Amino acid sequence: MYRLSVVLSLLVAACVGRKFPPGFKFGAATASYQVEGAWNVSDKSPSIWDTFTHDNPDLIADKSNGDVACDSYRLWETDIGLAKDLGLDFYRFSISWPRLLPNGHSNYVSEDGKRYYNNLINGLIENGIEPVVTLYHWDLPQKLQEFGGWTNPDLASSFEEYADVAFGLFGDRVKTWLTFNEPVSFCEISYEAGKTAPGVALPGIGNYICAKVVMLAHARAYRLYDTKFRAKYRGKVGLTNQHLWFEPKNSGEEENAELMRNLMALYSYPIYSKTGGWPPSVEKRIAEISAKQGYSRSRLPEFTPEEIEFIKGTYDFYGLNYYTSRLVETAKPGEKLTWFPLSGSSEFGLALTADPSWKAGLAWLVSYPPGFRRLLLWLKQQFGDIEFKIMENGYATSEPVMYDEERVNYYRDHLEQVLLAINEDKVFVTAYTAWSLIDNYEWTSGYTSRFGLVNVDFNDPNRKRTPRASAHYYAAVIKSHSLDLSQSRGY
């Protein structure tokens, strides 16, 4: 165990007065497929990630899968203990749709699934930790994928059924719900390139169909909660979008940088803007390109006036995931453009690069803390003075280092930018979530990417968990409710 005094030696001298506002909450997050394991225990049915990793091991960096992962299905009490030791105000986790509804539909609810999530929720509350629950963190029941997955408009109704069950079972204790985690990731990467589950490549079409279906699914779940559960349970419902911050690489590229900001907000404008619908600049550009390509209509499906009104305003807060930033410039002839998670950069003929001065943990995860503040201010300017909850922010290494100085620095530098956004820009930010509580299965990176505050030994049958230096740092921030740790004592 690292002593806090050792951790503090990593930090620059803290300034006095860097306290977070009263009521500001700190948490950490995981997701069902990434930590639970127990992929075929009891009556759970396969998810698209079970199928994808079993059928396509060569597409995973270390040819691994989430069959066991962190074994949190069995070790949930251990995870709660870690959260309590950190002093977390809340723990964000996701429900596995195929664990709770093995058929994908509400005609059969798993008793085992109910038991597992009730145990987890009750255990958190008993330890003074608020459960924050994501309904969909990418593990769609494979049975629903057979009918087209997120390119099937009927899936919006199936998601509403699922949400109805979850709200009814757990809503008396869960007061913060996220319908979806990062639609931009599971629509763009999955259906544009086919490189992640379900591995269906429908470039330039499937990703945009997915976008519309997900927007309608979110709105159906929100409207359901509003009419059936809100008066009784008085919770909040939103979703969380991944954003990058984009800056022009050269003079004259500001319009392109703004276009990319709007593309990343494709899943925000229909919900949070005053007009509803897709971002106008993105909608216009895709329609123009579609026409040049000979399509009779835009590849980005239009919303009807009724759909625009149905989706608009379906939020109680704005969930935000932020990791990194990019520079934007017009691409050179023949330049390879595809970059996670935005196919649109290629479609628009734009190249995304990182400044050489920005530090990188993984190739894609370069650290540019000022981008965080600029993004928060931009979102406020776009969508108004609404409540923002940061639902993911974190740093990965390729090795399971324990004295993780780079991660400590990343958290410190990004939390500083959050405070500046709150104090200087008057952005209403009420929560911050570290990704992730523990090392987990990182999708196509398998176990080669380590995000955890807590190290997991994946060679140990018992998945031994050991807090890193960053865990001690984060615990000190939570305990002091401040970035000024000069008065902190102990862990």
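Everything that follows concerns the structure shown earlier in this document.
Predicted model, so just to flag it, every value in this text is computed and none were measured. (Residues numbered from 1 in each chain as written. Predicted model: local features only at pLDDT ≥ 70, side-chain atom pairs only at ≥ 80, totals over all residues. Heavy atoms only, no water.)

### What about the packing of aromatic side chains?
Applying the stated criterion to the full structure yields 50 aromatic pairs. A centroid spacing of 5.9 Å and a plane angle of 35° characterise the contact between Tyr91 and Phe93, whose relative ring orientation is tilted. Among the residues examined, Tyr91 registers a relative accessible area of 4% and is labelled buried. By relative accessible area, which is 3% here, Phe93 ends up buried. Consider the rings of Tyr395 and Tyr410, whose centres lie 5.2 Å apart with planes at 35°: the pair is tilted. Here Tyr410 lies in helix H17 (residues 405–423) and Tyr395 lies in the loop between strand S10 (388–393) and H17, a separation of 15 residues in the sequence. A cation over an aromatic ring shows up here: Arg99 above the ring of Tyr116, its NZ or CZ 5.9 Å from the ring centre. The residue whose ring lies beneath Lys389 is Phe317, and the NZ or CZ to ring-centre distance is 5.5 Å. (Phe/Tyr/Trp six-rings, centres within 6.5 Å; stacked < 30°, edge-to-face > 60°. Buried < 20%, exposed > 50% of the residue type's maximum accessible area, 1.4 Å probe, protein only. Helix = DSSP H or I, 4+ residues; strand = E, 2+ residues; numbered from the N terminus. Lys NZ or Arg CZ within 6 Å of the ring centre and 35° of its normal.)

### Structural notes on the pattern of salt bridges
A full pass over the atoms with the stated rule returns 31 salt bridges. Notably, a salt bridge pairs Arg230 with Asp316, separated by 3.0 Å at the nearest N-O pair. Here Arg230, found in helix H10 (residues 206–233), pairs with Asp316, found in the loop between helix H14 (305–311) and strand S6 (318–330); they are 86 residues apart in sequence, far enough to count as distant. Of the two residues, Arg230 and Asp316, both sit in the buried class. The shortest N-O distance in the salt bridge between Arg373 and Asp425 comes to 2.7 Å. With Arg373 in helix H16 (residues 370–383) and Asp425 in the loop between H17 and strand S11 (429–435), this pair connects stretches of sequence that are 52 residues apart. The exposure class assigned to Arg373 is partly exposed, which follows from its relative accessible area of 25%. Under the relative-accessibility criterion, Asp425 is labelled buried at 15%. Several salt bridges share partner residues, and in doing so they unite Asp226, Arg230 and Asp316 into one network. (Salt bridge = Lys/Arg side-chain N within 4 Å of Asp/Glu carboxyl O.)

### Digging into the nonpolar core
Formed by 143 residues in total, the largest nonpolar core has its most connected members in Trp97, Tyr136, Trp150, Phe159, Trp177 and Tyr432. If you tally residues by element for this core, the top one is H10, at 15 residues. If we skip the residues at most four places from it in the chain, Trp177 touches Ile95, Val133, Leu135, Ala166, Phe167, Phe170, Gly171, Tyr225, Lys236, Val237, Gly238 and Phe317. Core analysis: the next-biggest nonpolar cluster, separate from the first, contains ten residues, Ala29, Ala31, Leu362 and Tyr410 among them. (Core = buried A, V, L, I, M, F, W, Y, C linked by side-chain atoms within 4.5 Å. Contact = heavy atoms within 4.5 Å.)

### Comments concerning the pairing of strand S5 (residues 236–248)
Of all 13 residues in S5, eleven are buried, a share of seventy percent or more. Across four bridges, strand S4 (residues 176–181) lies against S5 in parallel orientation. Across the sheet, residue Thr176 finds its bridge partner in S5, namely Lys236. Summarising the sheet, S5 and S6 pair through eight bridges and their orientation is parallel. Of the residues in S6, the one forming a bridge with His243 is Tyr322. (Pairing = 2+ DSSP bridges.)

### Re the environment of Pro153
Inspection of the secondary structure puts Pro153 in the loop between helix H7 (142–145) and helix H8 (155–170). Once the C-alpha coordinates of Pro153 and Cys210 are considered, the two residues, 57 residues apart in sequence, prove to be 8.6 Å apart.

### Here's the deal with unusual backbone geometry
Cis geometry marks the peptide bond from Ala197 to Pro198, where omega comes out at 10°. Of the consecutive residues Trp435 and Ser436, the connecting peptide bond is found in the cis state with omega at 5°. You can see Ser436 is positioned in the loop between S11 and strand S12 (454–456). For Arg234, which is not glycine, the phi dihedral falls at a positive 55°. Among the secondary structure elements, Arg234 is positioned in the loop between H10 and S5. The exposure class assigned to Arg234 is exposed, which follows from its relative accessible area of 70%. For Lys426, which is not glycine, the phi torsion reads 60° and is therefore positive. Position of Lys426 among the secondary structure elements: in the loop between H17 and S11.

### A closer look at the pairing of S10
Counting buried positions along S10 gives six out of six residues, so the element sits mostly inside the fold. In terms of strand pairing, S6 meets S10 through four bridges, oriented parallel. Within S10, the residue paired with Tyr318 across the bridge is Phe388. Judged from the four bridges that link them, S10 and S11 form a sheet pairing that is parallel. In the sheet register, Ile390 faces S11, and the bridge partner there is Tyr432. Read as a crossover between parallel neighbours, the route from S10 over H17 to S11 is right-handed. (Right-handed = clockwise from strand over helix to strand, strands pointing away.)

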